[in-house]
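So you can see what is in the structure, the chains are spelled out below.
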Amino acid sequence: MTVQLNHTIVNATDRAATADFLVSILGLPEPAEFGPFLVLQTGNGVSLDVMRSTEQFSRQHYAFLVEEDEFDTIFERIRDGGLPYWAGPGHHGAGEINTNDGGRGVYFDDPDGHALEILTRPYGSGATQD
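Residues numbered from 1 in each chain as written. Predicted model: local features only at pLDDT ≥ 70, side-chain atom pairs only at ≥ 80, totals over all residues. Heavy atoms only, no water.

Naming follows an unreviewed UniProt entry, where the protein chain appears as VOC family protein of Amycolatopsis speibonae.

Draft legend 1. Highlighting the overall build of the protein chain. Secondary structure summary: the protein chain contains two helices and nine strands in total. Counted from the first residue to the last, the protein chain has its helices and strands arranged as β-α-β-β-β-β-α-β-β-β-β. In terms of C-alpha radius of gyration, the protein chain reaches 15 Å, essentially the compact-globule figure of 14 Å for 130 residues. With the C-alpha coordinates of the protein chain rotated into their principal frame, the extents come out at 45 × 40 × 25 Å. (Helix = DSSP H or I, 4+ residues; strand = E, 2+ residues; numbered from the N terminus. Rg over C-alpha atoms; globule rule 2.2 N^0.38 Å.)

Draft legend 2. Broad picture of the environment of Gly35. With respect to the helices and strands, the residue Gly35 is situated in the loop between strand E2 (32-34) and strand E3 (37-41). Classification of Gly35 by relative accessible area gives exposed; the value is 57%. Here the alpha-carbon distance between Gly35 and Met51, two residues 16 residues apart in the chain, equals 9.4 Å. (Buried < 20%, exposed > 50% of the residue type's maximum accessible area, 1.4 Å probe, protein only.)

Draft legend 3. Layout of the UniProt feature "domain: VOC" (unreviewed entry) in the protein chain. The sites that carry the UniProt feature "domain: VOC" (unreviewed entry) are, in the present numbering, residues 4-121. Along residues 4-121 one finds 21% helix and 35% strand; the C-alpha atoms at either end are 20 Å apart. (UniProt positions renumbered as here; feature names shortened; annotations may be inferred.)

Draft legend 4. Spatial organisation of helix H1 (residues 15-26). Across its twelve residues, H1 extends 16 Å between first and last C-alpha, which sits within 8% of the 16 Å expected from 1.5 Å per residue. Along H1, the positions that sit buried rather than exposed are Arg15, Thr18, Ala19, Phe21, Leu22, Val23, Ile25 and Leu26. The N-capping residue of H1, defined by a side-chain oxygen 3.1 Å from the backbone nitrogen of Ala16, is Asp14. Following H1 by one or two positions, Gly27 has its phi on the positive side, about 75°. (Expected span 1.5 Å × (residues − 1). Polar contact = N/O pair within 3.5 Å; in protein donor to acceptor, adjacent residues only side chain to side chain.)

Draft legend 5. Broad picture of the environment of Val46. Mapping Val46 onto the fold places it in the loop between E3 and strand E4 (47-52). Assessed through its relative accessible area of 13%, Val46 is described here as buried. Once the C-alpha coordinates of Val46 and Phe21 are considered, the two residues, 25 residues apart in sequence, prove to be 18 Å apart. Setting aside its immediate chain neighbours within four residues, Val46 contacts Leu5, Asn6, His7, Leu40 and Gln41. (Contact = heavy atoms within 4.5 Å.)

Draft legend 6. Just the pattern of salt bridges, in detail. If you walk through the whole model with that rule in mind, you get three salt bridges. The shortest N-O distance in the salt bridge between Glu33 and Arg15 comes to 2.7 Å. Taken together, the residues Glu33 in strand E2 and Arg15 in helix H1 connect sequence positions 18 residues apart. Note on Glu33: relative accessible area 56%, which makes it exposed. For Asp72, the salt bridge identified is with Arg104, shortest N-O distance 2.8 Å. Of this pair, Asp72 sits in helix H2 (residues 68-80) while Arg104 is found in the loop between strand E7 (92-94) and strand E8 (105-109), placing the two residues 32 residues apart along the sequence. We classify Asp72 as partly exposed; its relative accessible area is 39%. One continuous salt-bridge network, built from bridges that share partners, spans Glu68, Asp72 and Arg104. (Salt bridge = Lys/Arg side-chain N within 4 Å of Asp/Glu carboxyl O.)

Laid out in structure tokens, this is it:
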């Protein structure tokens, strides 16, 4: 059996707000409710299970591999929403995108400060790195 990532839990102070944000920015289908989760399906079958947390939680990083045209659409939503964005992790390269591996990538935060990333080429798939 090949090991595959099936789902991950995304902690949120407001699960509906986080799920709505991910749907509106990434263009994901509307979530399905399953127990304490709002489940968002990605194109490769991995789900983001958004759960309300009343405890303090660590901010995580979630990276999404997208096609070039999807990048353009999502990046336009980021800019239209007035969201800050960066070329690199840790909020480096404010207002810029990167061209790592001959693709494009950008980082932005969700409402709880999770670092989200969209990229068009997997890391290590090309020779050029910013």
